[in-house]
Amino acid sequence: MQDVLLDVQDLVVHFRVYGGYLKVLDGVTLQVRHQERVGLVGETGCGKTTTMKTIMGILPKPPGVVRGGRILFKGRDVLSMRPQELEHLRRSGISMIFQDPTAALNPVFTVGEQLEDAIRYALGKRDHASVREVALSALQSVALPDPPRILESYPVQLSGGMRQRVCIALALACPKELLIADEPGTSLDVTIQDQILRLIHRLAEERKMAVILISHSLGVIREWTERVYVMYAGTIVEEAKTGELFARPLHPYTEALMRCVPKLTGTGIAEGIPGRIPDYFDPPSGCRFHPRCPHCMDICRQRKPQLFPVDGDHRVACFLFGRDSHG
Ligand SMILES: Nc1ncnc2c1ncn2[C@@H]1O[C@H](COP(=O)(O)OP(=O)(O)OP(=O)(O)O)[C@@H](O)[C@H]1O
Ligand SMILES: [Mg+2]
């Protein structure tokens, strides 16, 4: 793939727990090009946030253990970076809007104190007036009314939508090349969520940033991304251009995900996917989806399918497609 900004290859991450390890990420492979908007979907617990935290170098270790794989950001190996290099990466390379804005903001400091701290950290500016100016313009850029008042407020004094905007301002106060947006605005009502997504889209265009958008909502992914990765139980099972994936989902899991979306014009309630995401302590052999798959074959229990190109950029990890080509 040309023009790659982020290249994750075969990432394996486990968590140490009482009595052993949770084998959560089982070889995640994904790429993001400069200025590309990429979506990541998959059921709760499939490892989306774990993947992103590892990319940012903020996976808590312990209990997290990186067992294998490679993460290259602009060709530089993130997993072997020293602490100062990782700091530099977060200062100027990648930023993340976290899933839970209340957890991302500290309740005992004002928004101003937190925002100004972040700006000082990123830009190294000492002079109070210039830091405050950057903070005010960051709040303005996320369309928050009355920025001086917001700077004086504590997080608890703001609404959920305002807090989410403050988090975006925090993430975007300083120029970055990649923004990871983990379920932005999911806990808010759909109109606010839509405003937040528009805002992220506009800022990404203005600043020529690439975006990884994580969402449970296939509608959101369809509207706001150019390419999609589908994740199941710690592996990427399918990737394609967004339009292509929705027109022609190939992996049985992707198909099932799409059937879960209630259709206004359809025949009633969506079906859901029988079964549940596997136990990471003792995950299924071969393809991790096989116990829930209606097309399961012998080989699926024995071997893990690799991502296999079906048509150009459309790749799928399933023995139903090109099974002879899998290594
Ligand atoms: N610090 C940790 N210690 C132990 N297990 C963890 C830890 N962090 C995550 N996990 C486990 O890793 C798995 C993946 O979690 P992760 O948060 O990456 O999922 P997710 O895809 O982001 O889910 P959601 O859609 O609900 O946000 C879960 O089973 C979770 O319990
Ligand atoms: Mg998550």
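Residues numbered from 1 in each chain as written. Chains lettered and ligands numbered in written order. Predicted model: local features only at pLDDT ≥ 70, side-chain atom pairs only at ≥ 80, totals over all residues. Heavy atoms only, no water.

Caption draft 1: Local environment of the environment of Pro60. Structurally, Pro60 can be placed in the loop between helix 1 (48-56) and strand 4 (64-73). When the C-alpha atoms of Pro60 and Phe15 are compared, they prove to be 9.4 Å apart, with 45 residues separating the residues in sequence. (Helix = DSSP H or I, 4+ residues; strand = E, 2+ residues; numbered from the N terminus.)

Caption draft 2: Molecular detail of the pairing of strand 2 (residues 20-33). Bridge count for strand 1 (residues 4-17) against strand 2 is 11 bridges, and the pairing is antiparallel. Opposite Val8, over in strand 2, you have Leu30 as the bridge partner. Taken together, strand 1 and the strand that follows it, strand 2, pair antiparallel across an intervening segment of 2 residues, in which Gly19 is found at a positive phi of about 90°. (Pairing = 2+ DSSP bridges.)

Caption draft 3: Structural detail: the pattern of salt bridges. Enumeration over the complete set of coordinates arrives at 21 salt bridges. Put simply, Arg149 and Asp146 hold a salt bridge, and the shortest N to O gap is 3.5 Å. Take Asp146: its relative accessible area is 41%, and that puts it in the partly exposed class. Connected via shared salt-bridge partners are Arg33, Glu36, Arg227, Glu239, Lys241, Asp313 and Arg315. (Salt bridge = Lys/Arg side-chain N within 4 Å of Asp/Glu carboxyl O. Buried < 20%, exposed > 50% of the residue type's maximum accessible area, 1.4 Å probe, protein only.)

Caption draft 4: Structural view of the site of ligand 1. Around ligand 1, a shell composed of 14 residues is seen, among which Thr44, Lys48, Thr49, Thr50 and Gln99 lie nearest. The separation between an oxygen atom of ligand 1 and a polar side-chain atom of Lys48 is 2.7 Å. A distance of 2.7 Å is found between an oxygen atom of ligand 1 and a side-chain nitrogen or oxygen belonging to Thr49. About the coverage of ligand 1: the protein hides 70% of its 640 Å² of free accessible area. For the shell around ligand 1, the elements supplying multiple residues, two or more each, are strand 2 and helix 1. The leading source of residues in the shell around ligand 1 is helix 1, at 3 residues. Of the residues in the shell around ligand 1, the class split is 6 nonpolar, 7 polar and 1 charged. (Near = heavy atom within 4 Å. Polar contact = N/O pair within 3.5 Å; in protein donor to acceptor, adjacent residues only side chain to side chain. Areas by Shrake-Rupley, 256 points an atom, 1.4 Å probe, with all protein chains shown as cover. Nonpolar A, V, L, I, M, F, W, Y, C, P; charged D, E, K, R; others polar.)

Caption draft 5: Structural detail: the nonpolar core. Membership of the largest hydrophobic core comes to 55 residues, with the highest contact counts inside it found for Leu6, Leu178 and Ile180. Ranked by the residues each element gives to this core, the list is headed by strand 1, at 6 residues. Apart from the residues within four sequence positions on either side, Leu178 is in contact with Leu5, Leu6, Val32, Phe73, Gly93, Ile94, Ser95, Ala210, Val211 and Ile212. With 38 residues, the next largest nonpolar core counts Val111, Met162, Ala171 and Trp224 among its residues. (Core = buried A, V, L, I, M, F, W, Y, C linked by side-chain atoms within 4.5 Å. Contact = heavy atoms within 4.5 Å.)

Caption draft 6: View of the sheet that holds strand 11 (residues 308-311). Here 8 strands make up an open sheet; going across it, the order is 6-7-8-3-9-10-12-11 and the pairing mixed. Of all the strands in the sheet, the pair left with one neighbour each is strand 6 (94-97) and strand 11. Direction aside, neighbouring strands of the sheet carry axes that sit 20° apart on average. In this sheet, strand 8 (residues 210-214) lies alongside strand 7 (residues 178-182) in parallel orientation, the contact comprising 5 bridges. Bridge pairing in strand 8 links Ala181 to Leu213. Across the sheet, helix 1 touches strand 3 (37-41), strand 6, strand 7, strand 8 and strand 9 (227-232), and the angle it forms with strand 6 is around 150°. Relative to the sheet, helix 7 (residues 160-172) contacts strand 6 and strand 7, its axis offset from that of strand 6 by approximately 175°. (Axes fitted to C-alpha atoms, helices over the stretch in contact; angles between N-to-C directions.)

Caption draft 7: View of the coordination of the magnesium ion (ligand 2). Summarising the metal site, the magnesium ion (ligand 2) is bound by the protein donors Thr49 (OG1) and Gln99 (OE1), whose distances to it range over 2.0 to 2.4 Å. Taken together, the residues span a long stretch of sequence, with Thr49 in helix 1 and Gln99 in the loop between strand 6 and helix 3 (101-104) at a distance of 50 residues. (Donors = N, O, S within 2.8 Å, 3.2 Å for Na, K, Ca; no water.)

Caption draft 8: Seen up close, the sheet that holds strand 2. Pairing in this open sheet of 4 strands is antiparallel, and the strands run 2-1-4-5 from one edge to the other. With one partner strand each, in any of the chains shown, strand 2 and strand 5 (76-77) form the two edges of the open sheet. Sheet topology note: the strand 4/strand 5 ladder contains 2 bridges and is antiparallel. The residue of strand 5 that forms the bridge with Leu72 is Asp77. Sheet strands touched by helix 1: strand 1, strand 2 and strand 4. Its angle to strand 1, the strand with the most contacts, is close to 115°.

Read these as geometric descriptors, not functional statements.
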